[in-house]
Amino acid sequence: MADPAPISFARGAPSLDIVAVDELRAAANAAFENDPAGTCMYGTAIGYVPLREWIAEKHGVPAEQVIVTNGSMQADAFLFQECVAAGDKVIVEAPTYDRTLLSLKGLGAEIIAIPLEDDGIDVVALEQALVDGARPKLAHIIPNFHNPGGCTLSMPKRQKLLELAAAYGFLIFEDDPYVDIRFAGEPLPRMLELPGGAEHVVYASSFSKTVCPGIRVGYLVGPADRIGRIVKIATNTYISPNMVAESIVNQFCRSGGMDGAIATVKDALRERRDVLCAELRTQIPDAKFVEPEGGYFLWIDLPEGTDGAALFAAAAERGLQFVKGTDFFLDGGGSSLRLAYSGVTPEQISEGVGRLADAYASL
């Protein structure tokens, strides 16, 4: 018998069928026609100026408070480089994005992992760590449709984080690439927009999750002096970011293409999430998870003692990929896993959960 066609729940990216390819092609044509010099030539480290202005208007801040970067991971790296030195304490959620852990380890930061709850970081545990003497420089928070947790930070916790940041003098890094992909529940304000946010928050987002993964355009919003220091780091890193990509994104946003693209992605991901949750409840009733209100990811906790590494191997034998929970922790996560439902069809989700259930039963 031939091996089954592979199914991957591993990578957080939309499938090509829900990417607005025609609209992107039109935006690219408009970028080259309307501003060939700005699109084709070197820019400066601040990014493509019209896009920077569009982002600033969206967030209600002066353009001097925005830098556009080659994806939000580069924005993250610039911020970490600007404010974290070896030995500095940094708060992260447990679990958190694996690349964040890698970046902070590379800088020699002392990482303090605070548990993630169904409505975001455990602010009681965070406050206790602060009372006990922890003095972090920065707290990295993924507020909406968490990667990998799938949960959303509640409004009371957003307010509490700002109170703690003001009381203990740390910076909140609001890492928010999924915010526009909400397909259930009510939108919550960004911490950047709440009282105290202008002083204590640097905000990052990305067009890779809403336009297409290959576009690689992200940005930071924060106090002008801090953004100015990050611009100097960017200037020393490259002559210019990707002006072609940024010019295309600018045209895409200003033409109204973004609204249609987001609507298409939301409709598709809502259906995929619904199928995934229903199949998990039916086929793997042991699985515990928070049903995401948006984004790309769902986090599963299996019963204590489940061998995640063995499950990963058994799933691979059945042509199924996911990401092990241990990738998102400094220590722990052995009985957990992350499933990305963004790049698979509903039919593939049903088949994939069946393979996962069979692998789980085989342990």
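Scroll up to find the structure this text is about.
Definitions and limits used
- Residues numbered from 1 in each chain as written.
- Predicted model: local features only at pLDDT ≥ 70, side-chain atom pairs only at ≥ 80, totals over all residues.
- Heavy atoms only, no water.
- Helix = DSSP H or I, 4+ residues; strand = E, 2+ residues; numbered from the N terminus.
- Buried < 20%, exposed > 50% of the residue type's maximum accessible area, 1.4 Å probe, protein only.
- Areas by Shrake-Rupley, 256 points an atom, 1.4 Å probe, with all protein chains shown as cover.
- Contact = heavy atoms within 4.5 Å.
- Core = buried A, V, L, I, M, F, W, Y, C linked by side-chain atoms within 4.5 Å.
- Phe/Tyr/Trp six-rings, centres within 6.5 Å; stacked < 30°, edge-to-face > 60°.
- Lys NZ or Arg CZ within 6 Å of the ring centre and 35° of its normal.
- Pairing = 2+ DSSP bridges.
- Right-handed = clockwise from strand over helix to strand, strands pointing away.
- Axes fitted to C-alpha atoms, helices over the stretch in contact; angles between N-to-C directions.
- 1 Å grid on protein atoms, 1.4 Å probe; cavity = no way out; pocket = protein on both sides within 12 Å on 5 of 7 lines; lining within 4 Å.
- Points joined across faces, edges and corners; volume = space filled by probe spheres on them.
- Nonpolar A, V, L, I, M, F, W, Y, C, P; charged D, E, K, R; others polar.

What follows is about the overall build of the chain. Scanning the chain from N- to C-terminus turns up 13 helices and 13 strands. In terms of overall dimensions, the chain has a C-alpha envelope of 60 × 55 × 35 Å along the principal axes. Counting the 363 residues in the chain, one finds 56% classified as buried. If you sum the accessible surface of the chain, you get close to 15000 Å²; carbon and sulfur atoms cover 52% of it.

A few words on the side chain of Lys157. Position of Lys157 among the secondary structure elements: in helix 7 (residues 155–168). What makes Lys157 buried here is its relative accessible area of 8%. The residues contacting Lys157, other than those within four sequence positions of it, are Glu117, Asp119, Gly120, Ile121, Asp122 and Val123.

It is worth spelling out the nonpolar core at this point. Core analysis: the largest hydrophobic core is formed by 54 residues, its most contacted members being Leu161, Ile172, Phe207 and Ile215. Residue contributions to this core peak at 6 residues, all from helix 10 (residues 243–254). Residues contacting Leu161, with those up to four places away along its chain left out, are Ile121, Val123, Leu126, Ile141, Leu153, Phe170, Ile172 and Met191. Core analysis: the second largest hydrophobic core is formed by 38 residues, Leu269, Cys277, Ala314 and Leu339 among them.

Below, the discussion takes up the packing of aromatic side chains. What the rule picks out here adds up to 10 aromatic pairs. Judged by centre distance (5.7 Å) and plane angle (90 degrees), the rings of Tyr178 and Phe297 are edge-to-face. Here the residue Tyr178 occupies a position in the loop between strand 7 (171–175) and helix 8 (197–200), and Phe297 occupies one in strand 10 (residues 297–301), the gap between them amounting to 119 residues. Both residues of the pair, Tyr178 and Phe297, count as buried. One aromatic cluster in this structure is built from Trp54, Phe207 and Tyr219. Over the ring of Phe312 we find Lys324, and its NZ or CZ is 4.3 Å from the ring centre.

With that settled, the discussion passes to the environment of Ala245. Secondary-structure assignment places Ala245 in helix 10. Taking the relative accessible area as the measure of exposure, Ala245 reaches 6% and is therefore buried. Through-space distance from the C-alpha of Ala245 to that of Ile215 is 5.9 Å; in sequence the pair is 30 residues apart. In this structure, Ala245 is in contact with Ile215 and Val217, ignoring residues within four places of it in sequence.

Consecutive side chains of a regular strand alternate in pointing toward one face of the sheet and then the other. Neither face of strand 6 (residues 138–141) is exposed, since Leu138 and His140 on one face and Ala139 and Ile141 on the opposite face are all buried. Note that strand 6 and strand 7 share 4 bridges and pair parallel. Residue pairing in the sheet places His140 in a bridge with Phe173 of strand 7. Following the backbone out of strand 6, through helix 7 and into the adjacent parallel strand 7, one traces a crossover that is right-handed.

This part covers the sheet that holds strand 5 (residues 120–121). Judged by pairing direction, the sheet is mixed, and its 8 strands sit side by side in the order 2-9-8-7-6-3-4-5 without closing on themselves. Pairing within the sheet leaves two strands with one partner each, and these edge strands are strand 2 (66–69) and strand 5. In this sheet, strand 6 lies alongside strand 3 (residues 89–94) in parallel orientation, the contact comprising 2 bridges. Bridge pairing in strand 6 places Ile91 opposite Ala139. The strands that helix 7 touches are strand 4 (110–117), strand 5, strand 6, strand 7 and strand 8 (201–206); relative to strand 7, the one it contacts most, it runs at about 145 degrees. Taken strand by strand, helix 9 (residues 224–237) contacts strand 2, strand 7, strand 8 and strand 9 (218–221), and its axis lies near 30 degrees from that of strand 2.

With that settled, the discussion passes to the layout of surface pockets. Space inside the largest pocket adds up to approximately 630 Å³. Counting residues per element, the ones that place at least two in the lining of the largest pocket are helix 4 (72–83) and helix 5 (98–106). Considering every element that reaches the lining of the largest pocket, the biggest residue donor is helix 4, with 3 residues. Residues belonging to the lining of the largest pocket are distributed by class as follows: 11 nonpolar, 5 polar and 8 charged.

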